[in-house]
Amino acid sequence: MTERYDRRMMWIFSGLIVVFGLAVNNLGVLGLLPLVATVILAICNYYLQDIMAIKWSFLFNCVLWGIFGFAIRDYVSGITQAVTCGIGLVSIMRLYHMRKKDKKERVPEKQYGS
């Protein structure tokens, strides 16, 4: 067996997450938040390659878990997720500005005929 997270493994884990998540869900629609967050994370880990997209998916995941934490009155988890979201936003902004700066510093191609 290969030690790689391939497409087949992604679908197996996503299916198991859904089956077991629905089986143990006793919170109704609210209980679907962790299920959705975990499935999205499993799928994003397979498909996403750009670091910015990965950071956005991680941020979205943290938001879902944070909402769930506050909704079930688990304030420690909610606050932890809120802090993690803040750190994630700072990281996204830094990467955005770094990429923007890199684009400005590139040497423009020679313009012919000028």
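Heads up: the structure comes first, above all this text.
Conventions and cut-offs
Residues numbered from 1 in each chain as written. Predicted model: local features only at pLDDT ≥ 70, side-chain atom pairs only at ≥ 80, totals over all residues. Heavy atoms only, no water. Helix = DSSP H or I, 4+ residues; strand = E, 2+ residues; numbered from the N terminus. Contact = heavy atoms within 4.5 Å. Phe/Tyr/Trp six-rings, centres within 6.5 Å; stacked < 30°, edge-to-face > 60°. Buried < 20%, exposed > 50% of the residue type's maximum accessible area, 1.4 Å probe, protein only.

(A) Here's a closer look at the side chain of Asn 61. Locating Asn 61 in the fold gives a position in helix α3 (residues 51-71). Those residues in contact with Asn 61, other than ones at most four positions away along the chain, are Ala 37, Thr 38 and Leu 41.

(B) Highlighting the packing of aromatic side chains. A complete count under the given rule lists 3 aromatic pairs for this structure. Taking 4.8 Å as the distance between ring centres and 80° as the angle between the ring planes, the aromatic pair formed by Tyr 46 and Tyr 47 counts as edge-to-face. Note on Tyr 46: relative accessible area 26%, which makes it partly exposed. Owing to a relative accessible area of 39%, Tyr 47 belongs among the partly exposed residues under this scheme. Summarising the aromatic geometry, the rings of Trp 65 and Phe 68 are spaced 6.0 Å apart at their centres and angled 90° between planes, so their arrangement reads as edge-to-face. Residue Trp 65 and its partner Phe 68 are located together in helix α3, separated by 3 residues, close to a single helical turn. The exposure class of Phe 68 is buried, given its relative accessible area of 13%.

(C) Here's a closer look at unusual backbone geometry. One non-glycine residue, Arg 73, lies in the positive phi region at around 65°. Positionally, Arg 73 belongs in the loop between α3 and α4 (75-105). Judged by its relative accessible area of 65%, Arg 73 is exposed.

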